[in-house]
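# Fold and geometry: a report
Below are the chains, spelled out letter by letter.
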Amino acid sequence: MSPASTLTSESRMYERTLHQILLVLRRIKCLTYCAVLITLTTLILYLVREHIADCRELYNQPQHQLSLNKHSSVELGKPGFDATVEALPPAPRERRGDRCEKRSIIFTKTHKTGSSTITNILLRYGETAGLSQLLYSYPSSTEYRSLADFKLMAGRPIADIFSQHAMYNDEFLSAHIRGNPIRFTILRSPVSQFISAYSFFNKTKHYPANTFEESIKAFLRAHSQYLTKTWFCKNCQNLVNSNAIDMGFKMEGYVKSPNREDYLTEFISAADKKWDLVLITEHFDLSLVLLKRRLCLHTEDILYLKSLERIKRDTVEEPYTLARIGEIQHIDQALYDHFNATFWREVANEEGIMEELAEFQQLNKAVQSFCVQGSKRGYHGTYENVLAPRARDNFQCLAMNSISSSVNNFPIGL
């Protein structure tokens, strides 16, 4: 056999071998694809099964059950809920004694504390209970704090509930709210509140920096004499010691006082007598259950959908910066420390409140799942709920989803 023939034969052998190798590789590739496809299919089937199980659990709750009434739509100008909630009965009201007397309400609405959710609860409660709301207009963004007769909406000089943002004015509110109202408010840890408000009100535009925390440092440097030599605080509205200001604290009087700590102590002592209940944001659900007991509400009255949560969670990491925020928030910190202690004393006197809290949280989670299918970017860089299709004609979901700080958006006849 010639060398050329031998070379040709070997080439063909190598070619056949290479071809067989390629066939094997293709089969392996195909099997790999098949294995991946089978794995993905199995995962999808598992997730679908879990989702179906969750749905069954949602719609077949043994103790808390959501149901729709016979009507597929409602007239939004009328009170009442299209969705009804069959909940476990609350703690027996006779335990609460005289504290459960129906009264008019003054809610001192504070900033970045969850207060908009409480205003929403009070708007819904007022509508279903036939109680009127004291409403007033904001002539400008800088005048909302001071209450005055000319700001009242026409035809509503006297009412049962007040729950809008305003600097507390006892004389004005006593003249315009019927009877002997219960007064309450809500406070939040001042450091976390400051960080939340700084982000929400976009204070970084006044103090530009490479990072959020550097912007706060620039703000703190610009106000190094605040509460020591001056009560004026530029760009501080709704930000620095805003809880105390909303409750009527006078910064000018504090700075000019010969004994500032006595001035602050006297204010806290007077506030303790004036406000019947002070809730705490860090224990929001527990606060709502306590409020329910004080106001003689039903469980469905305090259900809520989360709203105005920040999309971008700006943080502060350095201990020194956190300490400086605490210093500038000195007034609010003193208020918070006092009323956080009174809050837990109130809770300690409530029999069965932790069991009621667990029941409420379970029910509210079911309501959230029923009403909401997702979220989108909304007001001031916060999440806005996207209602599920089944909830878009549902009065309760619509009412809970209203931006409660704007009464014009509330779907009832105020």
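It should be emphasised that the depicted structure is a prediction, and the values quoted were computed from it without experimental measurement. Per chain, the residues get numbers from 1 upward, laid out in the order the sequence is written. Whole-chain, interface and lining totals are the exception, using all residues; otherwise, since this is a predicted model, local features are given only for residues with pLDDT of at least 70 and side-chain atom pairs are given and counted only at 80 or more. The side-chain quantities take in all heavy atoms of the structure and omit both hydrogens and water.

## Concerning the pattern of salt bridges
Just to be clear on terms, a salt bridge is a Lys or Arg side-chain nitrogen sitting within 4 Å of an Asp or Glu carboxyl oxygen. As enumerated under the stated definition, the model contains 13 salt bridges in all. Here Asp-160 makes a salt bridge to Arg-178, at a shortest N to O gap of 3.1 Å. Here Arg-178 lies in the loop between α3 (170-176) and β5 (182-187) and Asp-160 lies in the loop between α2 (115-129) and β4 (161-162), a separation of 18 residues in the sequence. Given a relative accessible area of 14%, Asp-160 falls into the buried group. In this structure, the salt-bridge partner of Lys-256 is Glu-252, at a minimum N-O distance of 2.7 Å. On the criterion of helical spacing, the pair formed by Lys-256 and Glu-252 is a turn pair, its members being four residues apart in helix α7 (residues 251-256). Glu-252 sits in the partly exposed class, given a relative accessible area of 35%. Each of Lys-292, Arg-293, Arg-294, Glu-346, Glu-350 and Glu-356 takes part in one network of salt bridges that share partners. Strands here mean DSSP runs of E at least two residues long; helices mean DSSP runs of H or I at least four residues long; both are numbered from the N terminus. To sort residues, take the accessible area from a 1.4 Å probe on protein chains only and compare it with the maximum for the residue type: under 20% means buried, over 50% means exposed, and anything in between is partly exposed.

## Section: the sheet that holds strand β6 (residues 277-280)
Only strands that DSSP links by at least two bridges are regarded as paired with each other. Within the open sheet, the four strands sit side by side as β4-β3-β5-β6. Their pairing is parallel. Each of the sheet's edge strands pairs with one partner strand only, and the pair in question is β4 and β6. Of the strand pairs in this sheet, strand β3 (residues 105-108) and β5 are connected by four bridges, and their pairing is parallel. Among the inter-strand pairings, Phe-107 is bridged to a residue of β5, identified as Phe-184. Lying over the sheet, helix α9 (residues 284-295) contacts β3, β5 and β6, oriented at roughly 155° with respect to β6. In the packing of helix α11 (residues 330-348) onto the sheet, the strands contacted are β5 and β6, and the crossing angle to β6 comes to about 100°. In what follows, residue pairs with any heavy atoms lying within 4.5 Å of each other are defined as contacts. All axes here are fitted lines through C-alpha atoms, helices being fitted over the stretch that makes contact, and every angle between N-to-C directions spans 0 to 180 degrees.

## Let's talk about the packing of aromatic side chains
When we look at a pair of aromatic rings, we describe it by the centre distance and by the angle of the planes. Classification of ring pairs uses Phe, Tyr and Trp, with its six-membered ring standing for Trp, and accepts pairs whose centres are within 6.5 Å; under 30 degrees between planes counts as stacked, over 60 as edge-to-face, and the remaining range as tilted. Applying the stated rule across the entire model yields 15 aromatic pairs. Residues Tyr-198 and Phe-219 carry aromatic rings whose centres are separated by 5.8 Å and whose planes lie at 80° to one another, so their mutual orientation is edge-to-face. A residue pair is termed long-range when its members are at least 10 positions apart, and Tyr-198 in helix α4 (residues 190-200) and Phe-219 in helix α5 (residues 212-222) qualify at 21 residues. For Tyr-198, a relative accessible area of 0% translates into the label buried. You can call Phe-219 buried: its relative accessible area is 0%. Ring geometry for Phe-284 versus Tyr-304: centroids 5.4 Å apart, planes at 80°, classification edge-to-face. Residue Phe-284 is located in helix α9, and its partner Tyr-304 is located in the loop between α9 and α10 (319-328); the two are separated by 20 residues in the primary sequence. Per residue, the accessibility class of Phe-284 equals that of Tyr-304, and both read buried.

## Some remarks on the packing of α5 against α10
Between α5 and α10, whose axes approach to 11 Å, the crossing angle comes to 40°. Between α5 and α10, the angle is such that the two are oblique. Note that α5 runs across α10; the crossing there is left-handed. Where α5 abuts α10, its residues Glu-213, Ile-216, Lys-217, Phe-219 and Leu-220 lie against Thr-321, Arg-324, Ile-325 and Ile-328. What sets the label is the angle itself: under 35 degrees gives roughly parallel, over 145 gives roughly antiparallel, 65 to 115 gives roughly perpendicular, and the rest give oblique. The handedness criterion is simple: a crossing whose near helix is rotated anticlockwise from the far helix by less than a right angle is left-handed, and one whose near helix is rotated clockwise is right-handed.

## What about the nonpolar core?
Within the largest apolar cluster, 90 residues are counted, with the highest numbers of intra-cluster contacts made by Ile-118, Phe-184, Phe-219, Val-240 and Cys-371. Residues in contact with Phe-219, not counting those within four places in the same chain, are Phe-194, Tyr-198, Tyr-207, Cys-233, Lys-234, Asn-235, Cys-236, Leu-239, Val-240 and Ile-328. Throughout this description, the term nonpolar core refers to a set of buried Ala, Val, Leu, Ile, Met, Phe, Trp, Tyr and Cys residues connected via side-chain atoms within 4.5 Å.

## Description of helix α12 (residues 353-371)
Relative to the 27 Å expected for 19 residues at 1.5 Å per residue, α12 spans 26 Å between its end C-alpha atoms, a close match to the ideal helical length. Of all the positions in α12, only Ile-353, Glu-356, Leu-357, Phe-360, Leu-363, Asn-364, Ala-366, Val-367, Phe-370 and Cys-371 are classed as buried. Here, expected helix span is obtained from the residue count minus one, scaled by 1.5 Å.

## Some words on the confidence of the model for the protein
The quantity called pLDDT is the predictor's confidence in a given residue, expressed from 0 to 100. On average, residues of the protein score 78 in pLDDT, and 67% of them are at 70 or above. Model confidence for the protein, summarised as mean pLDDT per element, is weakest for strand β1 (residues 65-68) at 39 and strongest for β6 at 98. Ignoring residues within four places in sequence, the model shows residues 56-98, a span with pLDDT below 50, making 85 contacts including any to other chains. Counting contacts from residues 139-144, a segment whose pLDDT is below 50, to residues more than four positions away or on other chains yields 13 contacts.

## Focus on the state of the cysteines
Disulfide: a pair of cysteine sulfur atoms within 2.5 Å of each other. This structure, assessed with the given rule, holds two disulfides. What pairs with Cys-371 in a disulfide is Cys-397, and their sulfur atoms sit 2.0 Å apart. Around the S-S axis, the bridge from Cys-371 to Cys-397 shows a dihedral of about -65° and counts as left-handed. You can see Cys-371 sitting in helix α12 and its partner Cys-397 sitting in helix α13 (residues 395-400), a full 26 residues away along the chain.

## What to know about the environment of Thr-113
Checked against the element boundaries, Thr-113 lands in the loop between β3 and α2. The class of Thr-113 is buried, set by a relative accessible area of 1%. The spatial distance from the C-alpha of Thr-113 to the C-alpha of Asn-243 is 9.2 Å, given a sequence separation of 130 residues. The residues touching Thr-113, leaving out its near neighbours within four places in the chain, are Ile-186, Leu-187, Arg-188, Gln-193, Asn-243, Thr-281 and Phe-284. Identification of polar contacts relies on pairs of N or O atoms within 3.5 Å, with a donor-acceptor requirement for protein atoms, meaning one able to donate a hydrogen and the other able to accept it, and with residues adjacent in sequence counted only if both atoms are side-chain atoms. A polar atom in the side chain of Thr-113 sits 2.8 Å from the side chain of Thr-110.

## Regarding the pairing of β6
The alternating pattern of β6 places Leu-277 and Leu-279 and Val-278 and Ile-280 on opposite faces, both of which are buried. Across four bridges, β5 lies against β6 in parallel orientation. Looking at the pairing, Phe-184 lines up with Leu-277 of β6.

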